[in-house]
Amino acid sequence: MSELAATRHGDLAGQQKKLLLIEPIARLEADQRVKSRVLGNLGVEPDRVDLRYIALSMLDHVMEASAFNPGADATEIVAAGRSQIERMIPEVDEQTALKLARKVYDHLRNAAKRYSAISVEYFDALKSNWSFHEFHYLNLIPDPEDGDKVWIKLGDAGQMVFLGMLEVADELLEEAELIMMRKAIERGRFEDAQGAAARARVRSINFKLFIQDKLYRARRAVGTVDWCADVIPELDGAREHLNRRLTEENELLRRLSEKMVVIKDDADALRASLGLKETIEESQSIHSALYREVSRANERFVELSTDAFEERSAMPCHDPEGEVLLPLLKAPLAVSVALSEDVWASLSAPTMPRLLDIGLLFEIATSDRPEDPVEEEEDLIVPLEPLRPRHPPEQFERIAQWFALQVAQLGKAQLSQLLSLAVDQGLSESDLRCLVLVAIRSMAASDDPYDLIVELSGAYRNRGFIGDDVMFRWREAA
């Protein structure tokens, strides 16, 4: 496994553990068994209370109380949860609200497992096996001055969840990460710097995906995208992000190169610094791709908007009522009777011919089925009707000869050029489709009867055909 791949596995493992921290709280609402166990027989309607909000409000109370005390009092934590329940359900009585808040508090303390650490099973990608991640939302600590008093303080998971609840502007986070990367490189802590570089890399990818998603929506329906209100601010943010990153990353690479000279005798540190250098260089490649997307986004949206106003050619469409139904009703009875079978067939739903299902055949053949009593009756054998080929062999051979003749006369010819020649010579739509199939067949050396030299030469669009243009060369001419 390469250093970059190992680093990505490590980053994903760290993100995975952070994701696991919220799982027990999310399970309060997502898992009906957990929610019913918490609600118990309290007489509270499940859809009237949000247990996740109650749990998060308790963590918030603990953090606020810890600003002035070693922690929070358990009774006050439960009371904070009770006040939130009373906000959700004004008619609930105080005792019911207290019992429900106490159950949510016990869930955070893992009272069902004797207040031990919460354990969540997960797949450890670094070790390639299953493991358990253990953490606490709340911890019990003694008062440093009064031995008889205890406090409740946020555990490791509680702190991470609480910090995740805080909203911080992206530009502030990015500046903090840049400062952290510079300090980490100066102190030789390359793993910490690499984590910050990976987060900046993900931020660039998110900008790129956002722009591509808006352009995709505009391509399907340009009216669904408010480009000025939704996209222009994101493009400005992406440009500011690129300006910051390109300048800072060049500076980081310079500092890293100087640091690598100092640690050249430390193999472990040098390996970690090389991994950081590879991550920063890959981020620069992603930034280059983002720069191209940002530069072309407005122009591409204008093109899509212009195409939306392009006049589409009208397609002939028959009027069933005026051209079929009314003339049929006005026709003499003898005429209607003569056409009845044709009319019935035209108005009936199409039926697919019976085809052999290989998957179902093997499933029936390999499954154990009880033996049915043998009955003396004649089996019904339904012959399979062969599918009619789109292009008869004589048409395929005729078009193949025409194709070979044109390439031989021209020496070299593009597929788009051959299609234009075929149109000029009056070949039908079916012949044009057959010509494309003949050309595709010639692209495979094993199926090409003329041994042509084939190479791609851009893209083409011609009479409903679109794709990669192909150049065919006659070997004698080459």
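What you are looking at is a predicted structure, and each value in this text was computed from that prediction instead of being measured.

Parameters at a glance
Residue indices follow the written sequence of each chain, beginning from 1 at its first position. With the structure being a predicted model, the display of local features is reserved for residues of pLDDT at least 70 and the display and counting of side-chain atom pairs for 80 or more, all residues being used for whole-chain, interface and lining totals. Side-chain figures throughout are based on the complete set of non-hydrogen atoms in the structure, without hydrogens or water. Here, nonpolar core means buried Ala, Val, Leu, Ile, Met, Phe, Trp, Tyr and Cys residues that are tied together by side-chain atoms lying within 4.5 Å of each other. When a residue's accessible area, from a 1.4 Å probe over protein chains only, is under 20% of the maximum for its type it is buried; when over 50% it is exposed; and in between it is partly exposed. Working definition: helices are DSSP H or I runs of at least four residues, strands are E runs of at least two. Numbering for both runs from the N terminus. The criterion used for residue contact is that any of the two residues' heavy atoms lie within 4.5 Å. Here an angle of 0 to 180 degrees is reported between the N-to-C directions of two axes, which are lines fitted to C-alpha atoms, with helices fitted over the stretch in contact. The cut-offs work like this: below 35 degrees is roughly parallel, past 145 is roughly antiparallel, 65 to 115 is roughly perpendicular, and the gaps in between are oblique. Helix crossings fall into two classes, left-handed where the near helix is turned counterclockwise from the far one by less than a right angle and right-handed where it is turned clockwise. Residues are sorted three ways: Asp, Glu, Lys and Arg are charged, Ala, Val, Leu, Ile, Met, Phe, Trp, Tyr, Cys and Pro are nonpolar, and all the rest, Gly among them, are polar. Salt bridges are defined as contacts in which a side-chain nitrogen from Lys or Arg sits within 4 Å of a carboxyl oxygen from Asp or Glu.

This part covers the nonpolar core. Core analysis: the biggest nonpolar cluster contains 39 residues, and Tyr137 and Leu138 have the highest contact counts within it. Of the residues forming this core, the biggest block, seven residues, is contributed by helix α3 (residues 51–65). Grouped together as the second largest cluster of nonpolar side chains are 24 residues, Leu432, Val438, Leu452 and Trp474 included.

A few words on the side chain of serine 442. By the secondary structure assignment, serine 442 is in helix α16 (residues 429–443). Beyond its immediate stretch of four places on either side in the chain, serine 442 contacts Phe403, Asp448, Leu452, Val454 and Phe472.

Another aspect to go through is the packing of α3 against helix α4 (residues 74–88). Helix-helix packing is described using two parameters, namely the angle between the two axes and the distance between the axes. Put simply, α3 and α4 touch, their axes get as near as 9 Å, and they point 140° apart. One element, α3, and the other, α4, form an angle in the oblique class. Considering only the axes of α3 and α4, their crossing is right-handed. Contacts between α3 and α4 involve Tyr53, Ile54, Ser57, Met58, His61 and Val62 from the first element and Glu76, Ile77, Val78, Ala80, Gly81, Gln84, Ile85, Arg87 and Met88 from the second. Residue composition of the contact of α3 with α4, by class: nine nonpolar, four polar and two charged.

What follows concerns the environment of asparagine 110. Inspection of the secondary structure puts asparagine 110 in the loop between α5 (94–109) and β1 (118–124). The class of asparagine 110 is buried, set by a relative accessible area of 14%. The spacing of asparagine 110 and tyrosine 137 is 27 residues in sequence and 8.8 Å in space, taken between C-alpha atoms. Once residues within four sequence positions are removed from consideration, asparagine 110 is found in contact with Tyr115, Ser116, Ala117 and Ile118.

Moving on, we come to the pattern of salt bridges. Taken as a whole, this structure holds 17 salt bridges when the rule is applied. In this structure, arginine 48 and glutamate 91 form a salt bridge, with 3.0 Å as the shortest nitrogen-oxygen distance. In this pair, arginine 48 is assigned in the loop between α2 (32–39) and α3 and glutamate 91 in the loop between α4 and α5, connecting sequence segments 43 residues apart. With a relative accessible area of 54%, glutamate 91 lands in the exposed category. The partner of arginine 82 in a salt bridge is glutamate 86, and the shortest N-O contact between them spans 3.5 Å. Taken together, the residues span about one helical turn, with arginine 82 and glutamate 86 both in helix α4 at a distance of four residues. When its relative accessible area of 28% is taken as the criterion, glutamate 86 is described as partly exposed. Taken together, the shared-partner salt bridges in this structure form one network comprising Glu251, Arg254, Arg255 and Glu258.

By themselves, these observations are geometric and do not establish any function.
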